[in-house]
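Overview (structure and organization)
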Amino acid sequence: MKIIAVTACPTGIAHTYMAADALTKAAPKHSVQIKVETQGAMGIENLLTPHDIANADKVLIVSDIEIEQVARFDSIPCVRISIEEVLLNVDKVFIAHCRA
């Protein structure tokens, strides 16, 4: 399964990047290919390309705030998850939302 994700938190510092790291590290264990875009204090990093979006099976919006450019995901299934949920149990997130 190919997943794309966007992480963002209110201050855009630690939790944005901690969630991205947790998703990236856990994905192989769940047979998931993942690319994570961060929307933090430094702006948008690791921007998801139109190719990434077109080839994704699902998008995970991992955020407690509104993210930028959300309309670009209208064509694929989208799941909203809190930052806390990913940081507390990333494996549970993959089990619940990333099955083929």
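Residues numbered from 1 in each chain as written. Predicted model: local features only at pLDDT ≥ 70, side-chain atom pairs only at ≥ 80, totals over all residues. Heavy atoms only, no water.

Regarding the overall build of the protein chain
- The number of helices and strands found in the protein chain is 4 helices and 5 strands.
- Starting at the N terminus, the α and β elements of the protein chain follow one another as β-α-β-β-α-β-β-α-α.
- The globule rule puts the C-alpha radius of gyration for 100 residues at 13 Å, and the 12 Å found for the protein chain is close to it.
- Expressed as lengths along the three principal axes of its C-alpha atoms, the size of the protein chain is roughly 35 × 30 × 20 Å.
- Across the 100 residues of the protein chain, 43% fall into the buried class.
- A sequence separation of at least 24 residues applies to 60% of the contacts in the protein chain between residues at least 6 apart. (Helix = DSSP H or I, 4+ residues; strand = E, 2+ residues; numbered from the N terminus. Rg over C-alpha atoms; globule rule 2.2 N^0.38 Å. Buried < 20%, exposed > 50% of the residue type's maximum accessible area, 1.4 Å probe, protein only. Contact = heavy atoms within 4.5 Å.)

Details of the side chain of S63
- Here S63 is to be found in strand β4 (residues 58–63).
- A residue is classified by how much of its surface remains accessible, and S63, at 10% relative accessible area, is buried.
- A distance of 3.2 Å separates a polar side-chain atom of S63 from the backbone oxygen of A8.
- The contact partners of S63, leaving out residues within four places of it in the chain, are A8, I81, S82 and I83. (Polar contact = N/O pair within 3.5 Å; in protein donor to acceptor, adjacent residues only side chain to side chain.)

What to know about the nonpolar core
- Formed by 21 residues in total, the largest nonpolar core has its most connected members in L23, L60, V62, I81, V86, V90 and F94.
- Of all elements in the fold, only β1 (2–8), α1 (14–26), β4, β5 (78–81), α3 (83–88) and α4 (90–97) reach the threshold of two or more residues within this core.
- For this core, the element with the highest residue contribution is α1, accounting for 5 residues.
- Leave out the neighbours within four places in its chain, and F94 touches L23, A26, A27, H30, V32, I34 and R99.
- Core analysis: the next-biggest nonpolar cluster, separate from the first, contains 11 residues, A8, I53, V59 and I76 among them. (Core = buried A, V, L, I, M, F, W, Y, C linked by side-chain atoms within 4.5 Å.)

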